Amino acid sequence: MLLLEPNYLWLSLTVLVFWVGPWRARRWGHGVLRSALWLCLVLALCQPAMRSDEVPAHRVVLIDRSASQGQDPGAEVEAALVQAIDPRSQDDWVVIEWGRDEDESPMRTAAGPVPSLPIGSDLNTALAWGAGALSDSVRAGVLLVSDGLATDGFPTRALSELRARGIPVTWWRTAAVPGDVRPVGLEALAGQSQAMRIGMPCTLLATIEGQGQTVSCLLMEVGTAEGAESQELARVDDVLLTGSVQVPLSFEPSRAGFLQVQLQVEVQDGVDPRPGNETLERTFAVQDPLRVAYFGGRMQEGAERLSELVGPGFDLRSADATTPLSAMDLVVLDDRPAAAMPQGLQEELVERVAQGGLGLLAAGGEAAFGPGGYHNQPIETLLPVEMVQKEEKRDPSTSLVLIIDTSGSMGGNRVQLAKQVSRLAIRRLLPHDKVGIVEFYGAKRWAVPLQPASNSIEIERALNRLDAGGGTVILPAIEEAYYGLKNVRTRYKHVLILTDGGVETGAFEPLLRRMSDDGINVSTVLVGPDAHSEFLVNLANWGQGRFYSVPNRFNLPEILLKQPASAKLPAYRPGLAAVSVHGGRGWWGEVDPTDIPGVSGYVETRLRPGAERLVETQGERHPVLASWRYGLGRVSALTTEPTGPGTESWRAWSDYGALLARVLLRTADDGGRPFAFALHREGREVRIVAERRGATEAWPHAVLVDAPDQPLSFQALSPQRWEAQLYVDPEQEVRLLAGARDAERAPLRLVLEAQNPERDEKLVPTRVADELAAALEDQGGSVVNAWPQVEDLALSTVKTPLGNRPLAPWLALLAMFLYLLDLLLRRWPRQSS
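Quick caveat: nothing in here was measured; it's all calculated off a predicted structure. All residue numbers refer to position in the chain's written sequence, counted from 1. The predicted nature of this model means local features are confined to residues of pLDDT at least 70 and side-chain atom pairs, given and counted, to a pLDDT of 80 or more, with totals for whole chains, interfaces and linings taken over all residues. To obtain the side-chain values, all non-hydrogen atoms of the structure were included, while hydrogens and water were left out.

With that settled, consider the overall build of the chain. Only DSSP runs of H or I with at least four residues qualify as helices, and only runs of E with at least two residues qualify as strands; both kinds are numbered from the N terminus onward. Assigned secondary structure in the chain consists of 17 helices and 43 strands. Counting every position in the chain, which comprises 833 residues, the buried fraction comes to 48%. By the convention used here, residues are in contact when the closest approach between their heavy atoms is within 4.5 Å. Long-range pairs, those at least 24 residues apart, make up 75% of the contacts in the chain with a sequence separation of at least 6. A total accessible area of about 40,700 Å² is found for the chain, and carbon and sulfur atoms account for 51% of it. Type-normalised accessible area, obtained with a 1.4 Å probe on protein chains alone, sets the label of each residue: buried when under 20%, exposed when over 50%, and partly exposed for intermediate values. Residue burial considers only the protein chains on display, and all accessible areas are found by Shrake-Rupley using a 1.4 Å probe.

In C-alpha cells:
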C-alpha cells in the first residue's frame, strides 16, 4: 500500500483528545469507536492505494462490410466476439461496422446491435473514429477487420495519429474475391493529365487485375450527344493477367473538349469468379491545339507544309511584326533572316520567352543562324547553339587558257617572248589549278588540252614545240577557249591572248562580253616592239581583263590571274550526313528515332554549355537538334530547314511528321501559362489551387463549364499561391476552364472525377492493401489472416501507474459505519443495577 498524500498523517495525533481533556470519552468503548472513526478519516485524506499490475484494456473493433469483401465477415466476427468478450473482465470492447448495405442486417453482440458508420468504405475516417474512442490512460488497441481495399486510398492521417499515441493496430486481412477480373485504374501517362490535345498521340494506362485469365482491353469513347454512338479508340487483345497488369492504350483525340471514355475488359480465356465489374468510366480534358506563330522566309508555303506534317494538334498562323505574341504558345522561325526580324520584335521575343514562358523553335539553313545574320542579334542569346563562321587562308582555284599567236608575223624573237610570258603565267598556278594552250596560225588547235598545272613536263614540251608560220585568224581560237572553260568548275577562269596585234576584224565584242558574263576574264599581251595596240586594249576591256605590253625579254610583266585572300567558309554544309539521336521517351514519346536517316544539309554550329544535344552528326558531332530552358520558356534549335532541301531525306521517313510534332510540343511545353492548377476534393468541398509561375502580375481565373458567367473567387494565400472553393455533390463531376484573368490564350480545361462509393468499391487496386500492410508492420502492428486470440492483440503501454486501486472510498465508508455504531451505542438503553 502507498499513501498519495502522506502530509495529512500529523492529524492522527489529535486522536488523543478522545482520551484526555474535557472531550474525553466517558466510556472506554466510545473512545475506541471515536478514535477508529477519526483515524479512518485521516487515512482517507492521505489517499491510500493498493499497488496493482493489472490495468484495464480498451479495444476497438472496426469491421468492414463493404461490397469489395469476398465474403461478408459479419457472422464469423459475431461468433468470435462471443468467445472473446468476458463479462467478468474489466476490459472494455467497442465494436463498430461500416460499409454495410441498407438491406443487410446489422451485426449483434451481447450489448445489442452493432452501430454502423455511414461512410461507405472510408477507411481513413473509420480508423480516425477508432482512435478518438480510445483513452491514453488505459492499455488500448485497434482490431481492424477489412480487405484493405479502401476507396479513399492510403489512410495516412489516421495511421499517423495512432502511431504518435503508440496505439498498435492488428489487422485481420480478409480475402477479396480471388482471381476477380476487374479494371482498377485508367490514368494518363505522367505529364499528360493536362496535356492531352486534339490530334496529338496520347496514351492511357489501364490497370487490370485477375489471375490466370486472358482478356482483351477495349477503350471506347462514350457518345454524349443524343443518338451518338460510342466509338472505339484503342484495343489490345491477348493480355494475360498475373495479378496486376498495366496495359497502354494509345490513340489521338479527334476533338477538343471533355472526352468521356469507357474501359471494357472482356475475358477471352478463363473464368471470372465475380462478373459484372469489368467496366470503368473516366473523363479526360482534351486541350485546344497549340497556337504557333510561324515566321517564314526562304521556304515557299512553309506554314502550310509544316502544318500538314505536324497535324491538327498545332494551329499554325503566318506571323509578322504585328502578331500578338502574348496569345501564342510557340514561335517558329523557319529560315527567316535577321534582316526580316525588326530589333523591337526580337527584343519582345526574348522577353516573352524568359518572363512569359513562350516556346521558340529556331530552324533553317542558308538564311538562319550565322548565314542569316543573327550574330550579335538579341535572338542569338536565346539559342542553345553558338554560331560558327570559319575563315581560311586559301588560294582560289583557277583555270587558265593561253592563246598563242604562231602565225608568220610572230617569227624570230616574238614567238620566244610569247613562250617566256606563258611560262611566267603558268608558274603562278598551283598544282590543283588547270591550264590549256590554244595556238592559232590561220587555223586553231589545242596544243595542250585543259589539265592540272602539275603536269609541268608535258606542258613545257608542248610550249617548246610551238613555232611561227601561217596566217593570223584569232576569233576561232577565242571561241575554242570559251567552250573549253565553260564547263570547268574553278573559282577563277582566265584567258590570256599573246599576239603581235596583226589580226583580222570580226565580232569580237559580243563574244568577249558573253564570256565576261559567264565569269571568264580575258587579258591581252602585245608581243614585240610596238608599245600600244588599240585592238588588244579593247579586247581586254570587253573581257574584264588587263592589257600588257612586252617589247623585249627585259620587260616581262607579272601576270595577275587571282587574288589569294582570307575567306569565310559557308556555314551551311550540303550533302547527306549520318546522324545520331539522344534523349529518352520524354522527348520522343511513341516515336522510335533510332532509324532516322541522315540529314541532307545543315548549318554548322556549336552546342552551348548546359544545352541538351538531341540529334547530332556522326563523327564531327555538330548539333542538328538542340534544346534548353531559357528563363520560364524553352528554346530549341533545328539547324536545317523543316520543309526545305536539308530535310529531303527525312521527309521520305514515315515518322518524320510525328518526330517534328514532338519537338514542337516539347518546345511549347505549356510554359507560357502563368499558373499551374490542381484540384482537390474532400467530401462536398472542392478546392482549386493556383500556383504562380514566373514574375507575372496576373490573377488566376476559373469558371465552371456550366456557369461561364460566374467566375470563382480566388483568395491569395501567399504571393505565389491562390485558392478557391466550391461546394458540389461528391457524386457530381466538376469541369472547369482555368487560366489568367483577361488572358488572350485559350483557357486550360480541368476535370475532377465524381465519387461513387458503390461503383468505386470494387475497383480499388490490391496495392492499396499491400501498402497498408507494410505501414502497419512498420509501426508495430500486425497482419493476420484469421480472428486472433485475445492475448495476441497488441495493446499500448500506460506511462503512469494510474492502475493502483484507491482505498480512500472504503475508509470513508468505514468511518460512516463507525459513526453510526457510536450513535447506536449512545442511544442504547442502560440496564439498571
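So, about unusual backbone geometry. Where the residue is not glycine, phi is negative for most of them; where a peptide bond is considered, it is trans in most cases. The backbone of Asp 238 shows a phi angle near 60 degrees, a positive value even though the residue is not glycine. Inspection of the secondary structure puts Asp 238 in strand β12 (residues 231-251). Positive phi values are uncommon outside glycine, yet Phe 369 reaches one of about 55 degrees. Following the sequence through the fold, Phe 369 ends up in the loop between β18 (359-363) and β19 (385-387).

Geometry of an aromatic ring pair is reported as the spacing of the ring centres plus the angle between the planes. We call Phe, Tyr and Trp rings a pair once their centres come within 6.5 Å, taking the six-membered ring for Trp, and we label the pair stacked below 30 degrees between planes, edge-to-face above 60, and tilted otherwise. Across all of its chains, the model carries eight aromatic pairs by this definition. An aromatic cluster of three or more residues is present, and its members are Phe 675, Phe 677, Trp 699 and Trp 722. Residue placement shows Arg 491 over the ring face of Tyr 492; its charged tip is 4.8 Å from the ring centre. Lysine and arginine charges are scored as sitting over a ring when NZ or CZ, respectively, is within 6 Å of the ring centre and within 35 degrees of the ring normal. Lying over the aromatic face of Trp 587, Arg 666 brings its terminal NZ or CZ to 4.7 Å of the ring centre.

Before going further, it helps to spend a moment on the sheet that holds strand β41 (residues 748-752). Any two strands between which DSSP finds at least two bridges are classified as paired. Strand order in the open sheet made by the three strands is β37-β40-β41, with antiparallel pairing throughout. With partners counted over all chains shown, the strands left at the sheet margins are β37 (700-704) and β41, one partner each. Between one strand axis and the next, the sheet turns through 30 degrees on average, direction left out of account. Note that strand β40 (residues 734-740) and β41 share five bridges and pair antiparallel. Counted as the bridge partner of Leu 737 is Arg 749 from β41. Note on definitions: angles span 0 to 180 degrees between N-to-C directions of axes, and those axes are lines fitted to C-alpha atoms, for helices only across the stretch in contact.

Turning our attention to helix α11 (residues 534-542). In an α-helix, one turn spans 3.6 residues, which is why side chains three or four residues apart end up on the same side. Along α11, the residues classified as buried are Leu 536, Val 537, Leu 539, Ala 540 and Trp 542. Just past α11, the residue Gln 544 takes up positive phi, approximately 55 degrees.

Here the focus is the packing of helix α5 (residues 302-310) against helix α14 (residues 656-668). Interhelical geometry of α5 versus α14 gives an angle of 100 degrees and a closest axis separation of 7 Å. Between α5 and α14, the angle falls in the class roughly perpendicular. On the side of α5, the interface is formed by Leu 306, Leu 309 and Val 310, while α14 contributes Tyr 656, Gly 657, Leu 660, Ala 661 and Leu 664. Between 65 and 115 degrees an angle is taken as roughly perpendicular, under 35 as roughly parallel, over 145 as roughly antiparallel, and anywhere else as oblique.

An expected span of 1.5 Å times one less than the residue number is assigned to each helix. Under the 1.5 Å per step criterion, the end-to-end length of helix α16 (residues 766-778) is 19 Å for 13 residues, consistent within 8% with the ideal 18 Å. Of the positions making up α16, those classed as buried are Val 768, Ala 769, Leu 772, Ala 773, Ala 775 and Leu 776. For α16, the buried positions fall inside an angular range of 170 degrees around the axis, keeping them on one side. Relative to its buried face, α16 has exposed residues pointing more than 90 degrees away, namely Arg 767, Glu 777 and Asp 778. Among the structural elements, α3 (123-132), β8 (139-146), α4 (156-165), β9 (169-173) and β42 (782-784) are those in contact with the buried residues of α16. Taking the helix axis as origin, the arc is that swept by the directions to the C-beta atoms.

The next thing to look at is the side chain of Lys 419. Examined against the element boundaries, Lys 419 turns out to sit in helix α7 (residues 413-427). Only four residue types enter the tally: Lys and Arg on the positive side, Asp and Glu on the negative side; His and the chain ends are excluded. Basic side-chain nitrogens of Lys or Arg form a salt bridge, by our definition, when they fall within 4 Å of a carboxyl oxygen of Asp or Glu. The charged side chain of Lys 419 is buried without a salt bridge, its nearest counter-charge being Asp 467 at 6.1 Å. Excluding its chain neighbours within four sequence positions, the residues that come into contact with Lys 419 are Leu 463, Asn 464 and Leu 466.

Turning to the environment of Gly 471, a few remarks are in order. Its place among the elements puts Gly 471 in the loop between α8 (456-465) and α9 (475-486). Counting along the chain gives 63 residues from Gly 471 to Gly 408, while the straight-line C-alpha distance between them is 6.4 Å. Non-local contacts of Gly 471, meaning those with residues more than four positions away in its chain, are made with Ser 407, Phe 440, Tyr 441 and Gly 442.

With that settled, the discussion passes to the nonpolar core. Among the buried residues, those of types Ala, Val, Leu, Ile, Met, Phe, Trp, Tyr and Cys that are joined through side-chain atoms within 4.5 Å form a nonpolar core. Counting residues in each nonpolar core, the largest one holds 36 residues, and the members touching the most others are Val 310, Phe 314, Trp 588, Leu 638 and Trp 650. If you tally residues by element for this core, the top one is α14, at eight residues. Leaving out residues up to four positions away in the same chain, Leu 638 has contacts with Leu 361, Ala 362, Ala 363, Gly 364, Phe 369, Val 624, Leu 625, Trp 650 and Leu 660. Membership of the second largest hydrophobic core comes to 33 residues, among which are Ala 319, Val 353, Ile 379 and Val 385.

Here we come to the environment of Val 236. Secondary-structure assignment places Val 236 in strand β12. Judged by relative accessible area, which is 26%, Val 236 ranks as partly exposed. Along the sequence, Val 236 and Leu 219 sit 17 residues apart, while their C-alpha atoms lie 8.9 Å from each other. Excluding anything up to four places from it in sequence, Val 236 contacts Val 215, Ser 216, Cys 217, Val 247, Pro 248 and Leu 249.

Moving on: the sheet that holds strand β21 (residues 398-405). The six strands are arranged β23-β22-β21-β24-β25-β26 in an open sheet whose pairing can be described as mixed. For this open sheet the edge positions go to β23 (444-452) and β26 (544-550), each flanked by a neighbour on one side alone. Taking the axes of each pair of neighbouring strands and ignoring which way they run, one obtains an average angle of 15 degrees across the sheet. Where strand β25 (residues 520-527) and β26 come together, five bridges link them in parallel fashion. Paired with Thr 524 across the bridge in β26 is Phe 547. α7 contacts β21, β22 (434-440), β24 (492-499), β25 and β26 of the sheet and is inclined by roughly 175 degrees relative to β21. Packed on one face of the sheet, α9 meets β21, β22, β23, β24 and β25 and runs near 25 degrees to β23.

Attention shifts here to the packing of α7 against α8. Relative orientation of the contacting elements α7 and α8 amounts to 165 degrees, with a least axis distance of 10 Å. Regarding the angle of α7 to α8, the classification is roughly antiparallel. Crossing of α7 over α8 shows right-handed handedness. Contacts between α7 and α8 pair Lys 419, Ser 422, Arg 423 and Ile 426 from the former with Ile 459, Glu 460, Leu 463 and Asn 464 from the latter. Gly is put with the polar residues, along with every residue not named as nonpolar or charged; the nonpolar set is Ala, Val, Leu, Ile, Met, Phe, Trp, Tyr, Cys and Pro, and the charged set is Asp, Glu, Lys and Arg. For the contact of α7 with α8, the class distribution of residues is three nonpolar, two polar and three charged. Left-handed describes a crossing whose near helix is turned anticlockwise from the far helix through less than a right angle; right-handed describes the clockwise counterpart.

Another aspect to go through is the pairing of strand β34 (residues 633-638). Along β34, six of the six residues are buried, which leaves the element largely enclosed by surrounding structure. Burial along β34 is two-sided: the face carrying Gly 633, Val 635 and Ala 637 and the face carrying Arg 634, Ser 636 and Leu 638 are both buried. For β18 and β34, the ladder comprises four bridges, and the chain directions are parallel. What sits directly across from Ala 363, in β34, is Leu 638. As judged from the six bridges shared by strand β33 (residues 623-630) and β34, these two strands associate in the antiparallel manner. In the strand pairing of β34, Trp 628 is matched with Val 635. Joining the antiparallel neighbours β33 and β34 is a turn of two residues, in which Gly 631 adopts a positive phi near 65 degrees.

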